[in-house]
Structure formats: structure tokens, C-alpha cells
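# What the coordinates show
These are the residues of each chain, in order.
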Amino acid sequence: QSSCHRETHWALNLNVTFFVYPQSVRSRDRKASHPTMADAAARPEVDAPTEDEETLTARHRKEKKELQAKIQSLKKAKVDKKKKKELQDEIVQLEADLEARHADELNRLNALKISVEEPAAPAVNGEEGDEPVKMSKAQRRREKKSQEDKERQAQIKAEEAANRGSSPRVLEDRKIAELLAARGLASFPVAADGDCLYNAVKHQLQSRLSAYEYETGDLRQMAADYIEDNKESIIFYMTNPDTGDILGEDEFRKYCHQVRNTKSWGGEIEVKALSSGLKCPIEIIQASGTSPVHGEGEDPARKLVLTYHRHMYRLGEHYNSTVDAVAAGKDAEEDGEEDDG
């Protein structure tokens, strides 16, 4: 008999299916609502996931699309202000619950992978078996980077699930969503990998201006070139985060190198640099304060609109892109119809 059963929860007429573990397992897990890989590995009595990574990822993607389609349908409902707030809170809760379950399932799968990895068996009585595969240094670096990326994404998912209710992240997301809705826009998520600013700008260029010639590296190069070429006018805004002093010559060169060649996070200076290099106004929608526009002297028809999030991840600030709200809702509905079919 399987150690888990399917339990259907109805919330706001949303039929969302979760995997619920037996009471003994749930009681044991209550102390850690977001288990880590180590936690999952320490619970061998729980049945291991029967899906491989590809199947699990596909199911997660399908469940997210189904939930988004339901959410879009709910948002179209005509209700009073009080009921609308209740709907928003319930939607946030549903999204958080789904993210928490997905993060837990991924962590369990990763823990299973680690637990079954064993070193190659040595040759017996001098007999040589299959030679162990030797990895080059470059391969080992790629493997290490891939594992770090997976762990970072798992951490992000766990944090997303943990941030719910009236947390700063939820309040910020709600405010930004309201500001975007007033403009007929919706947020378009961008990966939190250090390139978020550049990838958000890249998405804007492609979706708004049909400009596909810029890759992330090109935009980083553009920003670094602008900073170097305009050092005298912007150096006074570039300070050492530890001392507060203006960057010295070596620090300035290191800063430009990081902008150009690493996944260093981009900020206001880089936004200004990209606005100037692309000759596009760039507006930054944020929950508090005004929404600054860099490059106001540029052609307003070429304006790019990003969102800035202070509380989305504990890893640091984050930028997302935006899309037309009607198009976003239509895409979600079409995805839901395709999955149903």
C-alpha cells in the first residue's frame, strides 16, 4: 500500500490536488515546514519519489499553469472590495502552498540522488572491470556550478513558499501588482541569477521593440563601456559599501570588470548606462516612493518598464520585466486549455 494518498482541497472553487503524507509522517515533519536536502535524506522511512527529474519538472510546470489559469479566472470575477482582498489573500496562499510542495518534492528527489551515489567498485583479484569515468577539471567545474544553481533555485523556491500572508514580500508584490494593473500591465518573472536586470531589459527589448539582437553579455558589455567612458560624471555615486568612500582607481577597474564578466547584480548606475546605450527611457516600478524614469530625454515610444523588488528574495534585490495584462491573461488561459486537452 502506498505511503501517501491523494487529498483534494477546495478553496474558492479551485480544485487543487496535493500529495498528503500519512499522519505519522506529517507529525514528524511539522517542525520543519520547508525541509532541506539533508532533512529529506534523514527520513528514509518516507517513500522515495517515483518520478524522475524530467517527469517531476513537467508535472510541476503543468500544475503551475493550471493554477495560473484558475487564478486568472478568479481575477475576472466581479466582487466588492472586501471580497476582492479575500480573493487576493487566498490566491497568495494557494501559490505559496504549491511552491512549498514543489520545493519539498524537488528536495526529496535531490536527496535521493545523493543517497544512491556510490564510488566505483575496485577491481577484484587484479581483474580490471570497467574503467571509472574520469572528469576533467572543466567538467568538474561545470558539475559544481550546476549543483550550486540547483541548490540556489531550491532555496529560492523555499523562500517563496515561506513568504506568505502579510510578509513584506507579499505586501510589496501586492502593491506592485496594483501599480501595474493601473497601467494595464502585469509582472513577467525573470530568473534570480545575478543577471536579472539585464535579462529583464532583454525581455523588454524583444517584447516591446522586437529587438532580438542583444544578448545578456552584450548588455553587460554596453553597461561596462558606458561606466568607463563616463567615469568623471558618475564616480561620485560609486562608493565602497564597507567604508562609504568613493571608489579608488583599482576598485573602479574591478567594478567594471565585474559588470562586464561576472553575474554581479546590476543597480541604478547600470540602469542609467543601459538607458543611454540603448537610447530608451527605462522606468522602474517599485512599491514605495516614486517610479524613476532613466533617460527621460529619449524617445518615449521606446520606453521599457521594469519592476524592482526589495523583498522578493533574501538573496538580494531583484528586477522583473512586464507584459501587457490582457496578453498575460490570454496566455494563461490558453496554457490551461492546452493542458486540459
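Residues numbered from 1 in each chain as written. Predicted model: local features only at pLDDT ≥ 70, side-chain atom pairs only at ≥ 80, totals over all residues. Heavy atoms only, no water.

- Going by what an unreviewed UniProt entry lists, the protein is known as OTU domain-containing protein 6B and is assigned to Culex pipiens.

## Some words on the sheet that holds strand 7 (residues 316-324)
- Across the sheet, five strands lie side by side as 3-7-6-4-5; this open sheet has mixed pairing. The two strands at the open ends of the sheet, each matched to only one other strand, are strand 3 (185-188) and strand 5 (293-294).
- Sheet topology note: the strand 6 (residues 304-313)/strand 7 ladder contains four bridges and is antiparallel. When the bridges of strand 7 are listed, histidine 309 appears paired with histidine 318.
- Lying on the sheet, helix 6 (residues 168-182) is in contact with strand 3, strand 4 (282-286), strand 6 and strand 7; it crosses strand 6 at an angle near 165°.
- Relative to strand 7, helix 7 (residues 196-209) is tilted by about 10°, and along the sheet it contacts strand 3, strand 6 and strand 7. (Pairing = 2+ DSSP bridges. Helix = DSSP H or I, 4+ residues; strand = E, 2+ residues; numbered from the N terminus. Contact = heavy atoms within 4.5 Å. Axes fitted to C-alpha atoms, helices over the stretch in contact; angles between N-to-C directions.)

## Notes on the pattern of salt bridges
- Going through the model one piece at a time under the given rule, you end up with 16 salt bridges.
- Here glutamate 215 makes a salt bridge to lysine 202, at a shortest N to O gap of 3.0 Å. Taken as a pair, glutamate 215 in the loop between helix 7 and helix 8 (216-229) and lysine 202 in helix 7 lie far apart in primary sequence, 13 residues in all.
- Looking at glutamate 215, the relative accessible area reads 42%, which means it is partly exposed.
- Look at lysine 202 and you get buried, because its relative accessible area is 19%.
- The partner of arginine 260 in a salt bridge is aspartate 225, with the nearest N and O atoms 2.9 Å apart. With arginine 260 in helix 10 (residues 249-261) and aspartate 225 in helix 8, the pair connects residues that are 35 residues apart, well separated along the chain.
- Taken together, the salt bridges that share partners define one network made up of Arg59, Glu63, Arg101 and Glu105. (Salt bridge = Lys/Arg side-chain N within 4 Å of Asp/Glu carboxyl O. Buried < 20%, exposed > 50% of the residue type's maximum accessible area, 1.4 Å probe, protein only.)

## Remarks on helix 7
- For helix 7, spanning 14 residues, the distance from its first C-alpha to its last is 19 Å, which sits close to the expected 20 Å at 1.5 Å a residue.
- By the burial criterion, the buried members of helix 7 are Cys196, Leu197, Tyr198, Ala200, Val201, Lys202, His203, Gln204 and Leu205.
- Elements in contact with the buried residues of helix 7: strand 3, helix 8, helix 10, helix 11 (268-278), strand 6 and strand 7.
- Positive backbone phi, at 55°, marks serine 210, one or two positions downstream of helix 7. (Expected span 1.5 Å × (residues − 1).)

## Regarding the pairing of strand 4
- Taking burial as the measure, the five residues of strand 4 include five buried ones, the bulk of the element.
- Here strand 4 shows a buried face lined by Ile282, Ile284 and Gln286 and a second buried face lined by Glu283 and Ile285.
- Pairing of strand 4 with strand 5 involves two bridges; the strand directions are antiparallel. Its bridge partner lying in strand 5, glutamate 283 is registered against valine 293.
- The antiparallel pairing of strand 4 with strand 5 creates a hairpin that spans six residues between the two strands, and glycine 289 there sits at a positive phi of about 75°.

## Quick word on a nonpolar patch on the surface
- Taken together, Phe236, Tyr237 and Ile246 make up a surface patch of nonpolar side chains, about 390 Å² in accessible area.
- Counting through the fold element by element, tyrosine 237 comes out in the loop between helix 9 (231-234) and helix 10. (Patch = residues over 30% accessible without salt bridge, like charges linked within 9 Å, V, L, I, M, F, W, Y side chains within 5 Å. Areas by Shrake-Rupley, 256 points an atom, 1.4 Å probe, with all protein chains shown as cover.)

## A word on the packing of helix 8 against helix 10
- Axis separation between helix 8 and helix 10 bottoms out at 8 Å; the angle between their running directions is 160°. Relative to helix 10, helix 8 is oriented roughly antiparallel. The handedness of the crossing between helix 8 and helix 10 is right-handed. Only Phe252, Tyr255, Cys256, Gln258, Val259 and Arg260 of helix 10 make contact with helix 8, whose side of the interface consists of Arg220, Gln221, Ala223, Ala224, Asp225, Ile227 and Glu228.
- Residue composition of the contact of helix 8 with helix 10, by class: seven nonpolar, two polar and four charged. (Parallel < 35°, antiparallel > 145°, perpendicular 65-115°, else oblique. Left-handed = near helix turned anticlockwise from the far one by under 90°. Nonpolar A, V, L, I, M, F, W, Y, C, P; charged D, E, K, R; others polar.)

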